[in-house]
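Report on the structure
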Amino acid sequence: MIRDGFDSALDELRTAQRGGKDWIAKLQADEIASTGIASLKVRFNSVFGYYIEVTKSNLDKVPAHYHRKQTVANGERFITPELKEMEGKILGAEERSVKLEYEIFQHVREEVLGQLPKIQQTASALAQLDVLASFAETARLHNYSRPQILDEGILQIRDGRHPVLEQQLVEERFVPNDTGLASSERGLQTASMSEEDSGVKRPEGRAPQIALITGPNMAGKSTYIRQVALLALLAHTGSFIPAAEARIDLVDRIFTRIGASDDLSRGQSTFMVEMTETANILNNATPRSLIVLDEIGRGTSTFDGLSLAWSIVEHLHNQVGAKTLFATHYHELTELAVRLPRLKNFNVAVREWHDQIVFLRKIVEGGTDKSYGIQVARLAGVPKEVLERAKQILSNLEESELTPEGNVRQPRRQQDRDKLKQLAPPPQMDLFEE
Ligand SMILES: Nc1ncnc2c1ncn2[C@@H]1O[C@H](COP(=O)(O)OP(=O)(O)OP(=O)(O)O)[C@@H](O)[C@H]1O
Ligand SMILES: [Mg+2]
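Residues numbered from 1 in each chain as written. Chains lettered and ligands numbered in written order. Predicted model: local features only at pLDDT ≥ 70, side-chain atom pairs only at ≥ 80, totals over all residues. Heavy atoms only, no water.

Once that is clear, we can look at the side chain of Thr 35. Residue position: Thr 35 is located in helix H1 (residues 8-35). Here the side chain of Thr 35 touches Ile 37 through a polar contact of 3.2 Å, landing on its backbone nitrogen. Setting aside its immediate chain neighbours within four residues, Thr 35 contacts Leu 40, Lys 61, Pro 63 and Tyr 66. (Helix = DSSP H or I, 4+ residues; strand = E, 2+ residues; numbered from the N terminus. Polar contact = N/O pair within 3.5 Å; in protein donor to acceptor, adjacent residues only side chain to side chain. Contact = heavy atoms within 4.5 Å.)

Here it is, written out as structure tokens:
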């Protein structure tokens, strides 16, 4: 516990201890020389202390002043008066130094206790300084800017970046994106403020309350919506943020529903967790909250999931009023923009090139109607036959996905049967015919 040099009495005891151990190490060499027993060993155990061990074949060479102490399987153990004397010194010094060390420790502890308030205040000041200095260093190193913290019902970010991902990307450069959201209570008048006022580029017209983000797999939807939540959080901690410019509203809470997880030990399946978290958001969010929802409804059947996602968006729009980012693969939801004035569609731009896709990572206005899931599956290494077959199935299914008016259509039984009949390769038995 106590370092050398702190207490001279302790140092002396330790020197005695070390000196004794050196003496014993030297003893082995001396005894080997004087007895001619090359395999002779000086050892220690907690029952006998120090002893000299000689193997059976060398017992005839043992000198008369060795006292036999114990017989073991392959030899005998001896002690000598000098060895016992040195042992006493070493063990005595050891015992006293342990005792002294503990006394010193208790004394130090008492002194610290006497200065407790000062030490704690200093620690707390240093901790705060550490956080602020880290904010400053990070802001300088990575080109962060100072957000304006407002209470106007809006959230505007120009060229926002994901603070973690932008540091991790090596092959690709991180593509910055804009955000403009307004909560439904007060957002409408401020959102119509001119661009010169804010300096923040907004999507045309007023900022929406809900940004519905569609786009291919791997395009960057999840990254984008998390980035907005992270930037809002960072701004609230007092940090600068990775963006060219930002106006960020004080929020009462940031709600997120992201990723698949379960809690089996507490009897919650993946979908149950998803819905429990969603319920918490719907029941507690206010117009001052920021909500980030990723792939709501993914954990159940397509029609159940789509129906839930649909009514959740409507509820957020009509009842909750919170600024919301909603990423989804249910392209049917983009239809909601026609009926809900404060909802706007966005997608993450990609270019199609031959049968490949190039990700542009840019959030643009408008919805998408393709997920490119099969192309992404190919990138991931799914076997070719599986991909080919998936393509056939997709083109068959797509025809019945929406009604001509763009609404969700419940699949008609007979129609589905006909579809599946066409899909099944001829020699297979039909699953649905008796
Ligand atoms: N703005 C960006 N700049 C550069 N790379 C990005 C950007 N956004 C995302 N990426 C890269 O794209 C990858 C996929 O992004 P993300 O998980 O957000 O896609 P997604 O659209 O949510 O896909 P899925 O539909 O499969 O969930 C990220 O891991 C990251 O490497
Ligand atoms: Mg995602």
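So, next bit.
Scanning the model with the defined rule gives three aromatic pairs in all. Plain terms: the ring middles of Phe 44 and Tyr 50 are 4.6 Å apart, the flat faces sit at 55 degrees to each other, and that makes the pair tilted. (Phe/Tyr/Trp six-rings, centres within 6.5 Å; stacked < 30°, edge-to-face > 60°.)

A word on the site of ligand 1. Near ligand 1 lie 17 residues; those nearest to it are Met 218, Lys 221, Ser 222, Thr 223 and His 329. Within the backbone of Ala 219, one N or O atom sits 3.2 Å away from an oxygen atom of ligand 1. Contact between ligand 1 and Ser 222: an oxygen atom at 2.7 Å from a side-chain N or O atom of the residue. The leading source of residues in the shell around ligand 1 is helix H7 (residues 221-237), at three residues. Taken together, the residues of the shell around ligand 1 sort by class into seven nonpolar, five polar and five charged. (Near = heavy atom within 4 Å. Nonpolar A, V, L, I, M, F, W, Y, C, P; charged D, E, K, R; others polar.)

The subject of this paragraph is the confidence of the model for the protein chain. In the predicted model, the protein chain carries a mean pLDDT of 86, and the fraction of residues at 70 or more is 86%. Note on residues 186-203: pLDDT under 50 across the span, and 41 contacts to partners over four residues away in sequence or across chains. Between residues 406-413, whose pLDDT stays under 50, and residues either more than four places distant or in other chains, the model counts 19 contacts. (pLDDT = per-residue confidence, 0-100.)

Applying the stated criterion across every chain yields a total of 23 salt bridges. With its nearest N and O atoms 2.6 Å apart, the salt bridge here joins Glu 87 to Lys 84. One end of the pair, Glu 87, and the other, Lys 84, are both in helix H2 (residues 81-114), three residues apart, so they sit about a helical turn from each other. Residue classification places Glu 87 among the buried residues on the basis of a relative accessible area of 12%. Overall, the relative accessible area of 26% leaves Lys 84 in the partly exposed class. Ionic pairing is found between Lys 89 and Glu 85, a salt bridge with its closest N-O pair at 4.0 Å. Taken together, the residues Lys 89 and Glu 85, both in helix H2 and four residues apart, mark about one turn of the helix. Residues joined in a network through salt bridges with shared partners are Asp 4, Arg 14, Arg 18 and Glu 101. (Salt bridge = Lys/Arg side-chain N within 4 Å of Asp/Glu carboxyl O. Buried < 20%, exposed > 50% of the residue type's maximum accessible area, 1.4 Å probe, protein only.)

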